[in-house]
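# Observations on the model geometry
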Amino acid sequence: MINKIEHIGIAVKNLEQSNELFSKLFGKNHYKVEKVESENVSTSFFMLGETKIELLEATSPDSAISKFIEKKGEGIHHIAYDVDDVYAEMKRLQDEGFELINKEPKKGADNKLICFLHPKSTNGILVELCQEIK
Ligand code: ZN
């Protein structure tokens, strides 16, 4: 089951500048910065009630974030939904005909097991499923 929007991921060119910008926008600072080596990104997180905003900056030219910004510019990159059991949801959604980008869950930022659904199967939105690692 999909519980709620866990976070919205926003692709940015410069994490430091965007941290300042979003701190002003939200009236509070990010609570963490984390590098995800496997994805070649640096991330920061802001907590807004139950939902988080994740800023993503590429750390290498072949990062998915570099390619996204090249093609579309900065902006909303993905929407992440909280799930209790990422394996069960992956199976359910695959059976429903959605295209999974990764066939096995991987370790994402902020202590999560994650899986992405291809935007071509979700009306153009990159969807992330994430399950808290307990
Ligand atoms: Zn994310």
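Given the structure is predicted, the values throughout are model-derived calculations rather than measurements.

Overall, the coordinates contain 11 salt bridges when judged by the stated rule. Between K106 and E39 there is a salt bridge, and its shortest N-O distance comes to 2.7 Å. Within this pair, whereas K106 is found in strand β6 (residues 106–108), its partner E39 is found in the loop between β2 (32–36) and β3 (41–48), the two being separated by 67 residues in sequence. For K106, a relative accessible area of 28% translates into the label partly exposed. A residue is classified by how much of its surface remains accessible, and E39, at 26% relative accessible area, is partly exposed. The residue K112 makes a salt bridge to E132 at a minimum N-O spacing of 3.4 Å. Here E132 lies in strand β8 (residues 127–132) and K112 lies in strand β7 (residues 112–117), a separation of 20 residues in the sequence.

The subject of this paragraph is unusual backbone geometry. Residue N40 is not a glycine yet carries a positive backbone phi of 55°. Considering the arrangement of structural elements, one finds N40 in the loop between β2 and β3. Residue N40 is classed as partly exposed on the basis of its relative accessible area, which comes to 25%.

Cut-offs and rules
- For every chain, the first residue of the written sequence is number 1, and numbering continues from 1 onward in sequence order.
- In view of the model being predicted, local features appear only for residues whose pLDDT reaches at least 70, and side-chain atom pairs are presented and counted only at 80 or more, with totals across whole chains, interfaces and linings using the full set of residues.
- Heavy atoms from the whole structure form the basis of all side-chain values; hydrogens and water molecules are not counted.
- We count a salt bridge whenever a side-chain nitrogen from Lys or Arg sits within 4 Å of a carboxyl oxygen from Asp or Glu.
- Counting from the N terminus, the helices are the DSSP runs of H or I reaching at least four residues and the strands are the DSSP runs of E reaching at least two.
- Summary of the burial criterion: residues with accessible area below 20% of their type's maximum are buried, those above 50% are exposed, and those between are partly exposed, where the area comes from a 1.4 Å probe applied to protein chains only.

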